[in-house]
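Analysis of the macromolecular model
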Amino acid sequence: MARENEDAGMAEDVSKAKSQRKSKAKETKTRTVHANTLHDFAKGEENPSRRYANNRIKTTKYTVLSFLPKNLFEQFHRLANVYFVFIALLNFVPVVNTFLPELALAPVLFILSVTAIKDIWEDYRRHRSDMEINHMDCLVYSRAEKGYVEKYWKEVRVGDFIRLRCNEILPADVLLLSSSDPDRLCHIETATLDGETNLKQRQVVRSFFDLDCDFDPLKYNSVIECEKPNNDLNRFRGYIIHQSGKKDALYKENLLLRGCTIRNTEEAVGIVIYAGHETKAMLNNNGPRYKRSKLERQMNVDVFWCVIILLVMCLFAALGHGLWMFQYGDKRPVFDVLSPEGTNLSPIMSAIYLFLTMIIVFQVLIPISLFVSIEIVKICQVYFIHQDADLYDEETDSHLQCRALNITEDLGQMQYIFSDKTGTLTENKMVFRRCTVAGVEYSHDANAKRIAMYQEMDSEEEECISHGGTLPRRDSVGSHQSARVLRSHSTKSHRRTGSRAEAKRASILSKHTAFSSPMEKDITPDPQLLDKVNDCSSQLDFMRLHSQPMSQLPSDLSDVFDFFIALTICNTVVVSSPNQPRQKVRMRFELKSPVKTIEDFIKRFTPSRLTSGSNNSSSSSLNRSSNKGGSSMQSCPSAESTLTKLNEEQSSSVMEHAFSPAPPSYDGKAFCTPDEGELRYEAESPDEAALVYAARAYKCSLVGRLPDQVTVELPHLGKLNFELLHTLGFDSTRKRMSVVVRHPLTDQITVYTKGADSVIMELIRPPITGNSKGRRQKKILCRTQNYLNLYAADGLRTLCIAKKVLSKDEYARWLQHHLQAETAIQRREELLFESALRLETNLQLLGATGIEDRLQDGVPETIASLRKAGLQIWVLTGDKQETAVNIAYACKLLDPEEELLTLNADSQEACKLLLEESLHYIQAKFLCSSGDASAKDFHANVSSFEIYPSSPLSSHAASDSVHRLGLVIDGRTLAYALDASLEDTFLTVARSCRSVLCCRSTPLQKSMVVKLVRNKLKVMTLAIGDGANDVSMIQVADVGVGISGQEGMQAVMASDFALPRFRYLQKLLLVHGHWCYSRLANMILYFFYKNAMFVALIFWYQFYCGFSGSAMIDQWYLIFFNLMFSSFPQLISGTLDKDVSAETLQQLPQLYTSGQNSEEYKPYMFWMNMIDAFYQSLVCFFIPYFAYTDSDVDLFTWGTPITTIALLTILLHLGIETKTWTWMNCLSIAFSVALFFTVALCYNASCPTCYPPSNPYWTIQRLLQDPVFYLLCTIAPVAALLPRYFYRACHSTLFPNPVQVGRQLDKLPADTRRNILSLSRVKMGSWLSPRQPSLPVGKPQNCTQKDQRGTEAPAKRAGAESVQQGPAHPPDPHSSSLKELGAKNDPLLSEELQPASTKDPSDPSWVPSTQMDRVQLNLPPSRAPPCVTYVRSSETALSCEQTPPCSRGTTAEAELYTAV
Amino acid sequence: MMASSYNAKEEDGHHSGSSSHGGPGAIKSKKPDNTAFKQQRLPAWQPILTAGTVLPAFFVIGLIFIPIGIGLFVTSNNIKEFEIDYTGVEIDSPCYICAKNFSWNSTTSCVCSVNFTLDQPFESNVYMYYGLSNFYQNHRRYVKSRDDSQLNGVESNLKQPSKECEPYRTSDGLPIAPCGAIANSLFNDTLELFHINQNGTKQRVNVTKKGIAWWTDKHVKFRNPGGSSNLSVAFQGTAKPVNWRKAVYDLDPEDPENNGFINEDFIVWMRTAALPTFRKLYRIIQKKPNSTPTLSSGRYVMEITYNYPVLSFDGRKRMILSTISWMGGKNPFLGIAYITVGSICFFLGVVLLVIHHKYDTRTNSAEIPN
C-alpha cells in the first residue's frame, strides 16, 4: 500500500524534502552555481551553494530516533495490522474481553517487530552501501592547496572543481570545463546509467573551447544558471554568464552525469552542478518495485470471504446468546453472572457485547501470520532463485536478479510473453557467416565450424539435455567438414581448447568495444576466397608497379576486390586502438570534409590529383575548428584549410603519399602503428562491425577513418587511402547506405552501396542481353538471388553489396542536385532522400553477405518449450520486417509450415479492411475445419471466438482457437490497429494466431500492445527486453524482465527480474515460476484451512457453553497456535516443497498450464478447504466431546486434548499436502509437536495462580498419564484426515492431472523417464491430460483428409500403446534405440519420432523459401495499396483452400501430415 | 602489459560503478554455491498418493483400530455404573417437595431420601459422583469469576479480591472469601448412602471424602491464608459468599486438613466443568480388604440434604456410583469410535483395492518398470 510508495520514492522523498525546503528559501526556477573557489573562505551563510544538497547520499529511511514512529506509521498502512491492533485493544474493554489483555497484544507486537527487524536490516544494508559510496575518493580543487586534493565523495559540494582521470567514476553531475582531448571532447560510458556500452561524447563548454593552456580554477569567475534538478537524463539547459557579461548556452552535451565512467580521455575538469540526491542518476534511481501479484489479489478476495465468515459466525453466536439468555427469562441462573458493574444485562445488550467478544475469540480466522508468512516465504523463494546455479551466467558473471520481491508466484501464471528481439532473442552479436561474390558462394565451412566450436563450449554443460532439439544448422556444420581446411595463423591463436574462463577473460577484454567478442571478430576465411583475394591484390600490386590500368583485372577478381573494399569502407565504423585508453587513431594527414561546394569539387578533381596526405600534426587548431558545433561532418572547411590542403597536395608526390604509412604521433609520444589485430572497431550497428571484421579476416582491414577519408590496408598493396566524398547514411525507407569515394587505384568515383536484398536487387542495372558480360551479369544476378533465398531461409541477415562507377560528368551533375538539396531550407530531408535515390541506380551487383545475428543459446528451444507451456509469445521489435521474420523463423517462433499473415496498411481504412479480411479468412478456416467436426465442437469454436473470454476459465477454450498462423504486422499498421475502433478486431485476429510479430514498433507501441492485451484479455503478461526502448513495455507488463546483457542497465532498472540470458527464462518460468506459484498457492490455501479449522473448534463449543464466548482452548494456545506451533512446517513446505522435479518441469512444459489456469488455487478450492476445515473441526471436536461427555472432566483438561488433536491434524494435513519430504520437513513437523508439548509442559507447571482465567496448572502433566488422551490423539486425526487422504488417492488414480503424472514420472529411474519424455515430445500431451482440448489426438483435424486420418488414427494408437509399454521394455540405454522400438510397432511412428531437423540447410535440394507461394489480396483504396500476404509452405498450400490445418498440434504431427 | 593494467583498473571501476547506485543487487560472490540445499536438491522422499500406495495404510489402520476398539468396548462394558436422578421433578419423586419449595434464600434445609436397588455388586473402589445437567459451569463470565491468588492464600487478595470476582466480590463492605460466582454457587447438597440390610436396618456406607481432588490442586493451587492454624482467625474480616450457609472455615470443622480453601469438595467444584452436563467426584467408597464386594447388591437408601436449587434453570441432579477402569469411567464411545473408524478404513481399503485393480494398472506399471 502506501509503504510501496514509501519504498519506491525513498530517494525522491529525501530530495523532495530538501528541494521543498530550498524552494521555500528561494522561489526561483533555476539554480545558480558559483565556483566554490571564490567562496572558500566564506563559510556558511555567504556561500551561495550552501543551499544545495551536498554529495553525501543517504538512501536510508530511518535514523535511530525516527525508526520507531516512522516504521510503525508505515506498518499501520497495512489494513490487516490496524485490524489486529484494533482487536488487541478491544481486549482491554472489560465487558468484552476474553484473554489477558497483555497477552492479546503479543501476536500483534510479534508481527510488527518481525517486520520492523526486517526493515532495520534492509536499512542497515542501505546504510552500509551508502557509506561505501560516500567514502570513495575524487580530486577536488582546493584553494588553500592551490591544487587538486583527494577528497571523499561526500565532501564534494556544488561549485567544486573536480579533476577526473580516465576510467574514474563521476561523483556528481559535472559541467565539463576542460578536457585533455585535443577536440575538447570527453568520452563517457553510461553503462551504469542507461546501460549503453558505446561511448558518448561530451563537449567542453563552448566558452572554454579555445583555452589553450590548462584550465585554472582560480581564474574562473563565471556564474552558471541552470534548471532545477530533475530526472531527465537527456535534458540539461542553462547558460553560463562570464564576467564580461557574455552568456553562453549549456546543453546536455556539456554535462557529465554521476555514475558514468570517464573513458578515452586522459583528464577532464569540471564544476559540480548537482550533487548527491539531486544528481540525475539518483533521481532516476527508484527502489525495488512493489506489485501485487495475481495470487495475492485472489487471496485478498478470500480474506474478504473470511471476514464475512467471521462476521456470520459472530452474529450467529450473538443471536444464540441472546436466545439463550432469553429462555431463562427473569429467573437468573447461578452460572449466569452479572456484569462486573453488577447490572443485569438484557439479552440484547448481552448479545451485542458478545458479538464483540466473539470477534476477539474468532480473530484467528483472519490469519494474522498469513501476511508475514507470505513475506518470509517470498524472501526465501527469491533467495533460492538467486542461488540457482542454472541461472548464473559465467560469461558475464551475473546472476538472475529479483528486483521485485513479491511477485515470484506471478512467474508461474504467465500467459503472454512479449519479447524484444535484438539483444533479447539474439545476442546482438553479428557474426559473419557466408558470402557470395560474383555469383560464387563461399560457404565458410571452417568459420561455421569455429562458431560451432564456440557453441559446443557453451553447451558443454548442458549435455544432459537431449540434442534432439538443437538447431539443424549446427548439425549440418559437422557434416560439412572439408578435409582441406586451411587455417590461417590469425585464427590459430583463437583455436583455444576453449576454457570458459578464457572466454570470459576475452569478453572482459573486449567489453569496451561495443559489439565484439572473439566469435564475432575472428572469422576464419574461406580458403578459396582467401586465395582469390591474395591473387587479386598481388595482381593489383603488380599492375601498380607496372603502371598498368587497373581495369585489366579479370572481372571476377575485380569483383572480389571491390566486394571487400565495399565491406571495409561502406559503413560508419570508427577505429580505435585498445592499447591506449581508446585513443583516437590519428591518421589524419589533412583535413578534408566531404565535398561541399562546386568550387571545392573542381579544385579537388583537377586531373591526376589523387588524394594525398602529409603529416599534418600541426593541424590541431584546424581540427578543433572543424569540430566546433559538435560534428565535423557538418562543418564547412575554412578557406584557410583549403589553401593548406592545396599547398600540401602540390608538394606531395602522387603515388608515395597514397600509400604513406607513418601516421603522426600523438602528444609527442612515439606512436607505433597499432597492430592490426588490435584495432577495435566501434560501429553503430553490430552488423557493420561484423562485415569489417570479416573483411579484416581477408587481410583487407580498415585501419583508419576520418570524416574525409578512409584508410584500408591490403596485402601486398599496403595502405590505401580512399577519399570519402559523401556518405549517404542508412535510413529505414531506403534500407541501404552508400558511400561515394574516389578509388585510389583507378581514380574513379565509385559508389559503394550496401543494403537489404529486396531493395538492392531492384536497383541493379539490368544486364545487357547479348554480350558475354551481360550473360555473366545475368548469371550472377540469378545465382545471387538463389543464395540470398538460401541465406534467408537459414535465418541469416542478408545484405547485398553493389557498386557503381560514376563518370566525372555524372558525378558533377548529381553533385549539383545534391548540393542544392543540402543547402535547401525547406523539404531538405525529402530532397536529400531524392538525391540519394538518384545516385543509387543502375548498380552493379558485387555479392551478398549472410550475417547471423546469432540467436542466443537455446532460444529456439526456450521458445518451443515456452510455447508448449501454453504461453503465447509475441515479438515486438523495432527491427525491419524482413530481419524480424528471418529471426522469427530461426528461433522457431514462426514455423515454415505455418501460414503467415502479413499486415501492411497505409491508412486507417486500409488497416480496418485488412483486419476484417484476415478475420474472414480465419473464420473461413474455422467453418471448414468444424464442418465435419461435431456440432458441439463447432459451437465451442464459434463461442470461443468471442473477443474476450467471459471468464478466466474459458481462456483455455480460447487457446483452443489458436491456429497454425503467424501474424506479422509493421509499426505503421500497428498504430492504426491500436486505434480504439480497431483494437478489438486486431486482438481477435492476433489471438487466433499462434505467434505475432510486430516489426518497426516504437517503444510506446510496445507498451500499448502490452497494455491492450493485458487489459482487454485479462491475462497475465510478461515483457522481456534488454534496451532502453523496452523500458515502457517492461513497466506496463505484469512481470517485467530485463536482460542484463549487452545493452545494460536501463531495462534492468525498470524490470522486476533481470536475467543474464533469454534462455534462463525457461527455467525461471517453468521451474521457479511453477514452484513459487504452487508453493504459495498451497500455503495460502493451507493457511485458510488451518485457521478455519482451529476457529471452528471454538465455534462448535459455543453450542455447549450458552454461546457465551467461552473457549476450551487455553488462551495461550489460542494466541500462539498460529505463530509458534503450526507456523514452521508450513513455512518450510512453502519454501521447499516441489511438486514436480525441475527436470520434469523443464522437459514437460505442459505442466506449466496448471499455473496459468490457476489450478492450484481456484475459488472453489477455498470453499472446499473451508468445508474440509469444518468437517475436520467437527471430528476433532466431537470425538473428545463424546469421549468425555458426562464425565468429571474440567474445561481445560478437556480443551487441551482438543488443542493437541487439532495440532496433530493440522500438521498431518500438511503432511498429506506436502509433495516432497526432506529432512527439513520432518524436522519442522517434529519440532512443532515437540514445541507444543514443551511449551505446554512448562506453561502448565510454571505458575499455579497465574494466567487467569484459564489457570491450567498441571493439566497436561495429568493428561500425559491418561491413556484416553493418547487414544483420542490417535483416532481423531485419523478420522479427520480420512476423507482428504482417500480423495487424494482416488483423484490421482482416477483423474490424474498433468502435475500428478509429472510427479509419477519423477519416481521413475532416470533413463526410463528420459525415454518416456523423449516419446512425450510426440505423445505425452494426450497422455498427460485427456481432457485438454488442444491436444492433437482424438480431435478432427481437417475435412478432406478424413480418410487419411482414418489410417493414421490406428497408427497413433499404436504409438500411444508403445508409449505405455515403453517402461515394460528393458530400459534402453540409448534413447536412439527408442526409435527402433517405435519402428517395431509401426513404421509411421518412427517417422513421427524423427526430429524435425532433417532439413539440412546446406543441402541445396532443400530450398523451401523458393517454393513458398504468396497470395496477395489487394485492396483497392489508398495510394499505396496495402496487402495481405498469405505465405505458406508449398505442401500445405496445395490443400489449403479446403483443408487448412487448424488445430494446434505438435510439429512432428504436422510433419506427418505433410509426409502423408 | 598496458592492456592488462587497463583492464584491472577497468574492472575495479566497473564494480564500484555498479555499487554506486546503491542497488540492491550488489552481490559479492557471484557464482552460487553448488550445495544441495541452495540448489533445492535435498534428498527427498516423494510419496505419491495413489490408490496403490495408500492401500496398505488403510488396511493397516483398519486392522489396528478394530481390535483396539473391541478392547475398549469390552473394558467400558465391564465398568459398573449406577445412576439415580434425585432432582424431584416428578410428583412421585421423594424430593419433589424439597425441589418445589427450595430456593437459595431458604434457611432451613430440606431432607429427602431416595431408595434404590443395586442388582449387581460393585467389586473394586466405587466412586460416588454427583451430576448436574444444564448447568453451564463453562459460561465465560462464570469461568472467569474467581480469584486464584485468593484461593492460593495470598493475604492481599484475601482482603482485596480480584475485580474478576464482581459482582461477588464484596458483601456489606467485607471482601468475600472465596469470592466469585463459582464459589458462590458451590454445590451444597449432602448425600449419604445407607445399605439396607436383610433385616431392614440401615447401615451407613463408609465413604472417604479425601483424595477426590487433584493432588496438585490440594497441595499447590489451593492454600489457606495466614500461618495461624485457626482458620476463623485467618478468615477474619471476610464475608462468606452470599449463597453459602456457613463460612468457608466451617466447611469441614472436623478435619482441619479439609477445611477452608483446601476443602476437597470445594476444590472439586472450583474446577469448572467443560460441558453443561457434568459429574463431579463426591466420595470414594474404598474397597474392603476382604473379598466382600465394596457395594453388595441389594437395597440402598440415599439421604439427601436438599440445599441446591436447579429447577430454576431446568437443571437435573443425579447421584452416580461407578467403578473405574484404566480408561476412566464407563463410556463405550471410544470403543465404538475405534471400531467404526477401523471398519471404514477397511472398507475404503477394499474400495481402493478395486480402483487400483481396475484403473491403476498404468501408473503401477509406470512405477515398477520391468
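Residues numbered from 1 in each chain as written. Chains lettered and ligands numbered in written order. Predicted model: local features only at pLDDT ≥ 70, side-chain atom pairs only at ≥ 80, totals over all residues. Heavy atoms only, no water.

Per an unreviewed UniProt entry, chain B goes by Cell cycle control protein and derives from Oryzias latipes. Listed under Sequence similarities (unreviewed entry) in UniProt, the entry text for chain B is "Belongs to the CDC50/LEM3 family." (UniProt positions renumbered as here; feature names shortened; annotations may be inferred.)

Taking an unreviewed UniProt entry as the reference, chain A is identified by name as Phospholipid-transporting ATPase belonging to Oryzias latipes. Of chain A, the UniProt comment under Cofactor (unreviewed entry) reads exactly: "Mg(2+)". One UniProt comment on chain A, placed under Sequence similarities (unreviewed entry), says "Belongs to the cation transport ATPase (P-type) (TC 3.A.3) family. Type IV subfamily."

**Some words on the state of the cysteines**
In total, this model carries three disulfides over all chains according to the counting rule given. Here Cys95 of chain B is linked by a disulfide to Cys112 of chain B, with a sulfur-sulfur distance of 1.9 Å. Between Cys95 of chain B and Cys112 of chain B the sulfur-sulfur dihedral comes to about 85°; the bridge is accordingly right-handed. Taken together, the residues Cys95 of chain B in the loop between strand S1 (81-85) and helix H3 (96-101) and Cys112 of chain B in strand S2 (residues 110-118) connect sequence positions 17 residues apart. A residue is classified by how much of its surface remains accessible, and Cys112 of chain B, at 5% relative accessible area, is buried. The disulfide that involves Cys98 of chain B links it to Cys110 of chain B, with 1.6 Å between the sulfurs. Looking down the S-S bond of the Cys98 of chain B and Cys110 of chain B bridge, the torsion is -75°, so its handedness is left-handed. Of this pair, Cys98 of chain B sits in helix H3 while Cys110 of chain B is found in strand S2, placing the two residues twelve residues apart along the sequence. Free cysteine Cys138 of chain A: the closest other cysteine sulfur is in Cys186 of chain A, separated by 15 Å. Under the relative-accessibility criterion, Cys138 of chain A is labelled buried at 1%. In this model Cys800 of chain A remains outside any disulfide bridge; the closest cysteine sulfur is found in Cys435 of chain A, 12 Å from its own. (Disulfide = S-S within 2.5 Å. Helix = DSSP H or I, 4+ residues; strand = E, 2+ residues; numbered from the N terminus. Buried < 20%, exposed > 50% of the residue type's maximum accessible area, 1.4 Å probe, protein only.)

**Focus: the packing of aromatic side chains**
In total, this model carries 81 aromatic pairs over all chains according to the counting rule given. Seen in terms of ring centroids, Phe1181 of chain A and Tyr1185 of chain A are 6.2 Å apart; in terms of plane orientation they differ by 15°. Their pairing is stacked. Placement of the pair is Phe1181 of chain A and Tyr1185 of chain A together in helix H41 (residues 1163-1188), with a separation of four residues, close to one helical turn. Judged by centre distance (5.8 Å) and plane angle (80°), the rings of Tyr130 of chain B and Tyr282 of chain B are edge-to-face. In this pair, Tyr130 of chain B sits in strand S3 (residues 126-133) while Tyr282 of chain B sits in strand S8 (residues 278-285), placing the two residues 152 residues apart along the sequence. (Phe/Tyr/Trp six-rings, centres within 6.5 Å; stacked < 30°, edge-to-face > 60°.)

**Digging into the packing of helix H4 (residues 79-90) of chain A against helix H5 (residues 101-134) of chain A**
Residue and element names in this part refer to chain A. Between H4 and H5, whose axes approach to 8 Å, the crossing angle comes to 155°. For the element pair H4 / H5, the angle class is roughly antiparallel. As for how H4 packs across H5, the hand of that crossing is left-handed. Of H5, the residues touching H4 (which contributes Asn81, Phe84, Val85 and Ala88) are Ala104, Leu105, Val108, Ile111 and Leu112. The class makeup of the residues in the contact of H4 with H5 is eight nonpolar, one polar and no charged. (Axes fitted to C-alpha atoms, helices over the stretch in contact; angles between N-to-C directions. Parallel < 35°, antiparallel > 145°, perpendicular 65-115°, else oblique. Left-handed = near helix turned anticlockwise from the far one by under 90°. Contact = heavy atoms within 4.5 Å. Nonpolar A, V, L, I, M, F, W, Y, C, P; charged D, E, K, R; others polar.)

**Topic: the pattern of salt bridges**
Counted according to the given criterion, the structure contains 41 salt bridges over all chains. Between Arg141 of chain B and Asp336 of chain A there is a salt bridge whose closest N-O contact spans 3.5 Å. Pair noted here: Arg141 of chain B is in helix H4 (residues 140-144) and Asp336 of chain A is in the loop between helix H7 (294-328) and helix H8 (347-361), and the two residues belong to different chains. This pair shows no difference in class: Arg141 of chain B is buried, exactly as Asp336 of chain A is. One salt bridge connects Lys210 of chain B with Asp255 of chain B, and the closest N-O pair in it is separated by 3.4 Å. You can see Lys210 of chain B sitting in the loop between strand S7 (202-204) and helix H8 (215-221) and its partner Asp255 of chain B sitting in the loop between helix H9 (231-234) and helix H10 (264-270), a full 45 residues away along the chain. Salt bridges linked by common partners bring Asp1190 of chain A together with Glu81, Glu83, Arg279 and Arg318 of chain B together as one network. (Salt bridge = Lys/Arg side-chain N within 4 Å of Asp/Glu carboxyl O.)

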